[in-house]
Amino acid sequence: MISDLKICIQCKRYSSPVGNKAVQEIIADKQFYGGTHAFVVSNAGFTKSAETPAKKTGVILISDIELGNLEDYIE
């Protein structure tokens, strides 16, 4: 049910790909706020060092263009 969702989102507007610091921050935020989902949004893509921990922890990495389709990423 949609009312049971608590989505944590961190948006980054960078000139280079976002690294794992943003992933670590959103993992902590999700835990602190009791989130059901965690997203990092970037206009510049993500580094491998961000993708690896995101995959292991369920953090979803998306581009700013995909933000309008956020519901497609929520199970």
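Refer to the structure presented above.
My aim in this report is to walk through the structure given alongside it, one point at a time. (Residues numbered from 1 in each chain as written. Predicted model: local features only at pLDDT ≥ 70, side-chain atom pairs only at ≥ 80, totals over all residues. Heavy atoms only, no water.)

## Digging into a nonpolar patch on the surface
Then, in step 1: Among the surface-exposed residues, Leu5, Ile7, Ile9 and Leu67 lie close enough to one another that they form a single nonpolar patch of about 270 Å² accessible area.
Then, in step 2: Along the chain, the position of Leu67 falls in the segment after β3 (60-63). (Patch = residues over 30% accessible without salt bridge, like charges linked within 9 Å, V, L, I, M, F, W, Y side chains within 5 Å. Areas by Shrake-Rupley, 256 points an atom, 1.4 Å probe, with all protein chains shown as cover. Salt bridge = Lys/Arg side-chain N within 4 Å of Asp/Glu carboxyl O. Helix = DSSP H or I, 4+ residues; strand = E, 2+ residues; numbered from the N terminus.)

## Points about the pairing of strand β2 (residues 37-42)
Then, in step 1: The element β2 is extensively covered by neighbouring structure, given that 6 of its 6 residues are classed as buried.
Then, in step 2: By the alternation rule, side chains of β2 split into His37, Phe39 and Val41 and Ala38, Val40 and Ser42, which are all buried.
Then, in step 3: Bridge analysis of strand β1 (residues 7-12) against β2 gives 6 bridges, and the strand direction is parallel. Paired with Cys8 across the bridge in β2 is Ala38.
Then, in step 4: Of the crossover connections in this fold, the one passing from β1 over helix α1 (residues 20-33) to the parallel β2 is right-handed.
Then, in step 5: Pairing geometry for β2 and β3, over 4 bridges, is parallel. Of the residues in β3, the one forming a bridge with Ser42 is Ser63.
Then, in step 6: The parallel pair β2 and β3, bridged by helix α2 (residues 48-57), forms a crossover whose chirality is right-handed. (Buried < 20%, exposed > 50% of the residue type's maximum accessible area, 1.4 Å probe, protein only. Pairing = 2+ DSSP bridges. Right-handed = clockwise from strand over helix to strand, strands pointing away.)

## Let's talk about the environment of Ser15
Then, in step 1: Considering the arrangement of structural elements, one finds Ser15 in the loop between β1 and α1.
Then, in step 2: Linking Ser15 and Asn43, residues 28 residues apart in sequence, is a C-alpha distance of 8.0 Å.

## Focus on the nonpolar core
Then, in step 1: Cys8, Val18, Ala22, Val23, Ile26, Ala38, Val40, Phe46, Ala50, Ala54 and Val59 form the largest nonpolar core, which has 11 residues in total.
Then, in step 2: Within the residue set of this core, elements represented by two or more residues are α1, β2 and α2.
Then, in step 3: A total of 3 residues in this core trace back to one element, the largest contributor, which is α1.
Then, in step 4: Apart from residues lying up to four places away in sequence, Ile26 is in contact with Cys8, Ile9, Gln10, Ala38, Phe39, Val40 and Val59.
Then, in step 5: Residues Phe39, Val41, Ile60 and Leu70 belong to the second largest nonpolar core, which totals 6 residues. (Core = buried A, V, L, I, M, F, W, Y, C linked by side-chain atoms within 4.5 Å. Contact = heavy atoms within 4.5 Å.)

The analysis is restricted to geometry; functional conclusions fall outside its scope.
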